[in-house]
Amino acid sequence: MKIGIIGLPQSGKTTIFSLLTGIDVDPYSPVHQKGVAKVYDKRVELLSNMYNPKKTTYATLEFYDTPSLDPSDKKSRTQVFNMVQSADALLLVLRAFENENVLFPEENAYKQLRVALDEFIFRDLEIVVNRIEKLENSKRKLDNREEIELKLLKELREVLENEEFLSKHELTEEQKKMISSYSLVTLRPIIIAVNLDEDQFTKGKYPEKERVLDLVKDYNFAYIELCGLMEKEIQELNEEERQEFLKDLGIEESGIERLSRVVYEQLGLISFFTVGPDEVRAWTLKKGSSAVEAAGVIHTDLARGFIKAEVIKYEDLINYGSEKEVKEKGLMKLVGKDYIVEDGDILTIRFNV
Ligand SMILES: Nc1nc2c(ncn2[C@@H]2O[C@H](COP(=O)(O)OP(=O)(O)OP(=O)(O)O)[C@@H](O)[C@H]2O)c(=O)[nH]1
Ligand SMILES: [Mg+2]
């Protein structure tokens with residue numbers, strides 16, 4: 001899963017990128033990076049303790065840091081949107097933290113959110129209008145499919161001209177497919193991350209929070225509060241100091257733990273596990289996927305030669321302490337291709353290629 005971090009100038013994008021990926025970035029460097037974050041999952045740790053494998057592998061999320069989304073600079077805007085074109089979701093950073101030393105044009109998080117939403121709509125409108133013009137100016141007669149697309153695009157143009165998100169417009173699966181190559185921003189899963197200072201974080205309050213939450217609900221965005229700079233500094237401490245600081249701040253889980261949960265929920269993802277003496281590993285899967293699709297995530301050969309899958313529930317394994325016990329209790333299931341995998345399933349694929 002790829003996640004593009006975007007936001008207005010000086011909102012803390014690079015700080016949050018560093019927090020999530022552990023990659024230190026010089027804030028003055030013009031180079032924008034991508035980095036991989038480990039999706040920490042307590043279950044993986046417990047399974048690893050149980051199996052003592054040679055290798056323990058967590059799921060990962062890939063993040064892209066981008067330059068500022070600056071409404072007054074058309075070129076940089078285009079650059080930002082091009083950078084996140086292939087992202088599965090966007091993490092929009094809003095700045096709430098107070099810092100006299102860091103200039104900021106928009107005074108509160110709510111205003112930034114509004115500005116960003118307008119930018120998203122504007123970007124999509126540009127793309128839709130471009131495509132309409134291309135089709136209408138075509139020298140040859142449009143084929144059937146193109147006629148249908150043109151009609152759809154005009155519908156979408158109207159939605160955008162009314163300053164609405166396309167996600168609020170009902171689209172059939174077929175229609176979604178038809179426009180999927182345009183990577184429209186207002187159809188994408190969006191996660192709002194408000195970057196707070198320590199004081200705001202402990203109080204759980206920042207200016208215009210209510211209005212931000214109203215918009216979040218209205219648009220069906222995911223939402224998370226982070227304390228970018230502080231959490232990043234804490235990350236650099238040794239374990240003991242870190243625990244103490246986190247407790248003082250009332251943070252039970254690190255930024256990446258909290259964010260992973262939000263991302264999984266918003267994108268409709270679940271985790272399943274494979275276990276054994278060689279490796280304990282977490283895998284990411286779309287909710288509603290079948291056993292054979294899960295096998296395909298591990299390796300295409302496993303999907304191709306799929307025969308059956310053994311399924312053990314994570315909870316059962318922890319409750320009974322060993323695979324053997326679970327099997328004796330009759331709690332191991334043998335399932336076929338169409339079995340719908342659930343979060344926390346431990347799978348062993350039987351296959352033959
Ligand atoms: N007090 C405080 N300062 C922060 C926080 N997060 C970031 N900053 C500071 O704000 C400035 C901008 O942070 P960056 O992470 O570089 O912001 P950015 O959005 O990447 O900035 P551009 O890429 O230039 O748009 C830096 O000086 C940070 O140290 C925070 O949570 N609290
Ligand atoms: Mg930056």
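Residues numbered from 1 in each chain as written. Chains lettered and ligands numbered in written order. Predicted model: local features only at pLDDT ≥ 70, side-chain atom pairs only at ≥ 80, totals over all residues. Heavy atoms only, no water.

Draft legend 1. The pairing of strand β7 (residues 222-226), seen in detail. β7 sits mainly inside the fold: 4 of its 5 residues count as buried. Across 5 bridges, the pairing between strand β6 (residues 190-195) and β7 is parallel. Within the sheet, the bridge partner assigned to V194 lies in β7 and is E225. (Buried < 20%, exposed > 50% of the residue type's maximum accessible area, 1.4 Å probe, protein only. Helix = DSSP H or I, 4+ residues; strand = E, 2+ residues; numbered from the N terminus. Pairing = 2+ DSSP bridges.)

Draft legend 2. Region of the structure containing the sheet that holds strand β5 (residues 89-95). With mixed pairing, the 6 strands of this open sheet are ordered in space as β2-β4-β1-β5-β6-β7. Each end of this open sheet is capped by a strand with a single partner; those strands are β2 (34-39) and β7. With strand direction ignored, the average angle separating the axes of adjacent strands in the sheet is 25°. Alignment of strand β1 (residues 2-7) against strand β4 (residues 59-65), held across 4 bridges, turns out to be parallel. If you follow K2 over to β4, its bridge partner there is E62. Sheet strands in contact with helix α1 (residues 13-21) are β1, β2, β4, β5, β6 and β7, and its direction is about 160° off that of β4. (Axes fitted to C-alpha atoms, helices over the stretch in contact; angles between N-to-C directions. Contact = heavy atoms within 4.5 Å.)

Draft legend 3. Main features of the nonpolar core. With 56 residues, the main nonpolar core has F120 and I192 as its most contacted residues. Once residues lying within four places of it in the same chain are set aside, the contact partners of I192 are L92, L94, L113, V216, F221, A222, Y223 and I224. Counting residues in hydrophobic clusters, the runner-up holds 38 residues, among them I16, V262, L317 and V326. (Core = buried A, V, L, I, M, F, W, Y, C linked by side-chain atoms within 4.5 Å.)

Draft legend 4. Quick peek at the domain arrangement of the chain. Domain parsing of the chain yields domain 1 (2-265) and domain 2 (288-351). For domain 1 versus domain 2, the distance between C-alpha centres works out to 33 Å. Contacts between the two partners involve 5 residues from domain 1, matched on the other side by 8 residues from domain 2. Summed over both partners, the interface of domain 1 with domain 2 comes to about 600 Å²; 64% of that surface belongs to carbon and sulfur atoms. Taken as a group, R43, M50 and Y51 account for 72% of the area that domain 1 buries against domain 2, more than any other trio of residues on that side. Counting every contact that joins domain 1 to domain 2 gives 1 salt bridge. Between D343 and R43 there is a salt bridge, with the nearest N and O atoms lying 3.2 Å from each other. Seen at the junction of domain 1 and domain 2, the total is 2 residue pairs in polar contact (both at pLDDT 80 or more). Class assignment for the residues of the side of domain 1 that touches domain 2 results in 4 nonpolar, no polar and 1 charged. (Domains from an automatic or database assignment. Buried area = accessible area lost by both parts, 1.4 Å probe. Salt bridge = Lys/Arg side-chain N within 4 Å of Asp/Glu carboxyl O. Polar contact = N/O pair within 3.5 Å; in protein donor to acceptor, adjacent residues only side chain to side chain. Nonpolar A, V, L, I, M, F, W, Y, C, P; charged D, E, K, R; others polar.)

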